[in-house]
Amino acid sequence: MTAEFPAARPRRLRRTPAMRRMVTSTRLHPAELIMPAFVKEGIAEPQQVGSMPGVVQHTRDSLRKAVHEAAEAGVGGVMLFGIPAVKDSHGSAADDPEGITQRALRDVVAEVGDALVVMADTCLDEVTDHGHCGILTPEGEVDNDATLERYVSMAVAQARAGSQMVSPSGMMDGQVGAIRAGLDAAGFSQVPIMAYAAKFTSAFYGPFRDAVETPKDFGDRKAYQQDPAGPRGEALREVRLDLAEGADIVMVKPALLCLDILREVRDTVEVPVAAYQISGEYAMIEAAAANGWIDRDRAIMESLVAIRRAGADLILTYWATEVARRI
Ligand code: PBG
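Note on numbering: residues in each chain are counted from 1, in written sequence order. Restriction of local features to residues with pLDDT of at least 70 applies here, the model being predicted, together with a cutoff of 80 or more for giving and counting side-chain atom pairs; totals for whole chains, interfaces and linings are based on all residues. Calculated side-chain values reflect all of the structure's heavy atoms, with hydrogen atoms and water omitted.

The chain appears in an unreviewed UniProt entry as Delta-aminolevulinic acid dehydratase from Nonomuraea roseola. UniProt positions are given in the numbering used here, feature names are shortened, and annotations may be inferred rather than shown by experiment. According to UniProt, the comment filed for the chain under the heading Subunit (unreviewed entry) is "Homooctamer." Recorded in UniProt under Sequence similarities (unreviewed entry), the annotation for the chain is "Belongs to the ALAD family."

Novice: Which residues make up the side chain of Asn-144, and what are the values?
Specialist: Along the chain, the position of Asn-144 falls in helix H4 (residues 144-160). Note on classification: 1.4 Å probe, protein chains only; a residue is buried when its accessible area is under 20% of the maximum for its type, exposed when over 50%, partly exposed between these limits. Look at Asn-144 and you get buried, because its relative accessible area is 18%. Contacts are residue-level and defined by heavy atoms, with any inter-residue pair within 4.5 Å sufficient. When residues no more than four places from it in sequence are discounted, the contact partners of Asn-144 are Met-172 and Asp-173. Secondary structure elements are taken from DSSP: a helix is a run of H or I of four residues or more, a strand is a run of E of two residues or more, and numbering for both begins at the N terminus.

Novice: Go over the packing of H4 against helix H5 (residues 175-185) with me, naming the residues and quoting the values.
Specialist: Axis lines are fitted to C-alpha atoms, over the contacting stretch for helices. Their N-to-C directions set the angle, which ranges from 0 to 180 degrees. Across the interface, H4 lies against H5 with an axial gap of 9 Å and an inter-helix angle of 45°. The angle between H4 and H5 places the two elements in the oblique class. Where H4 crosses over H5, the handedness of that crossing is right-handed. Between H4 and H5, the residues in contact are Leu-148, Tyr-151, Val-152, Ala-155, Val-156 and Ala-159 and Gln-175, Ala-178, Ile-179, Gly-182 and Leu-183, respectively. Gly falls in the polar group here, along with every residue not listed as nonpolar (Ala, Val, Leu, Ile, Met, Phe, Trp, Tyr, Cys, Pro) or charged (Asp, Glu, Lys, Arg). In terms of residue class, the contact of H4 with H5 is built from 9 nonpolar, 2 polar and no charged. Should an angle fall under 35 degrees it is called roughly parallel, over 145 degrees roughly antiparallel, and 65 to 115 degrees roughly perpendicular, with every other angle called oblique. Helix crossings are classified by the rotation of the near helix relative to the far one: an anticlockwise turn of less than a right angle makes the crossing left-handed, while a clockwise turn makes it right-handed.

Novice: Please set out the layout of surface pockets residue by residue, giving values where relevant.
Specialist: Over the atoms, a rolled probe matching the size of one water molecule traces out where space is still vacant. Roughly 400 Å³ of internal volume is contained in the largest pocket. Residues are said to line a cavity or pocket when one of their atoms sits within 4 Å of a point; the points come from a 1 Å grid over protein atoms alone, cavities being sets where a 1.4 Å probe fits but cannot get out and pockets being open sets with protein on both sides within 12 Å along at least five of seven lines. Lining the largest pocket are 21 residues; nearest its centre among them are Met-35, Gly-54, His-58, Ala-66 and Tyr-318. Grid points are joined across faces, edges and corners, and a volume is the space filled by probe spheres set on the points. Reported here for the second largest pocket is a volume of approximately 290 Å³. In terms of lining residues, the second largest pocket is bounded by 17 residues, among which Val-142, Arg-221, Lys-222, Ala-223 and Tyr-224 are the most central. At 4 residues, helix H7 (residues 234-244) tops the list of elements feeding residues into the lining of the second largest pocket. Counted by class, the lining of the second largest pocket contains 6 nonpolar, 3 polar and 8 charged residues.

Novice: Could you give me a rundown of empty space enclosed by the protein, with the residues and numbers involved?
Specialist: Scanning all chains against the criterion turns up 2 cavities of 30 Å³ or more. Here the largest cavity defines a volume of roughly 110 Å³. Lining the largest cavity are 16 residues, with Asp-125, Ser-169, Lys-199, Phe-208 and Lys-253 sitting closest to its centre. Broken down by secondary-structure element, the contributors of at least two residues to the lining of the largest cavity are strand E7 (194-199) and helix H6 (206-211). Class assignment of the residues belonging to the lining of the largest cavity gives a composition of 7 nonpolar, 2 polar and 7 charged. Roughly 40 Å³ of volume is contained in the second largest cavity. As for the second largest cavity, its lining consists of Leu-80, Phe-81, Gly-82, Thr-101, Asp-121, Glu-126, Val-127, Met-154 and Gln-158.

This is how it looks when you write it as structure tokens:
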């Protein structure tokens, strides 16, 4: 009796590095990476973020340097998160022309021009003393429509400071439409909106709360961010609403936890799709690697490839500069 040997041998294309390289479908390019960066008002030295080894709260100077390095490495964009020295209930720093985000935007644009796309997060949680993404009612609920007014004012302040794109992340209903109208009325019809469109509430935002100094007792965002176990069609609905309101790029977040959503969105829309590899995804890999439990560099690349393969055209990642240099 002759043994039956397979005629189809997928392993043929995997045998050598040259063969694997030739048949690769998923490649990463520096231009599709966006680096999120934190900048804190009033500090003299960059401050390590405890739960994100390798990530700092920048001074204005160290931010300029980091963005310069990102541009040199070919990174596509930088997204700024400003942390004011003083926070209040309305997030006054958000639309103050001298607020930290606006100052940092001017610094960075002066440093790099349009060597990469300079943008900012357009949301209130970094600037409010209660840590929520909007204005609170006396009962403590996030007031959707009062918050929209603040977002519009914030987006216009960012555009005036030179932001080349705004990026609303607060998950208020109608935020993209309100910001689009506000930017247009203020003469910024050419400033695109990257909408955090499908954004799920997540324990994996934890380290970010350290980075932007959200009060420990702030509660949660379940009343405005999507429930990971929520209605099956909700993510696409959010994406479609944002597109109808004028979004130019739509984002899915968190990235690794939403690969299914990424694929669904990529297969449905005609605009670029971004994915945010969030702070907890970063921290998990760094922590495991620091313990010697996984190969750090391979884990980073594998996670980015998975996000890209699921459909992301753009990836926000704290490893942007490092990875851009490596690829
Ligand atoms: C909201 C915002 C958050 C993140 C980016 N923008 C926090 C949240 O949505 O709760 C999280 C990013 C990360 O975890 O890396 N302004």
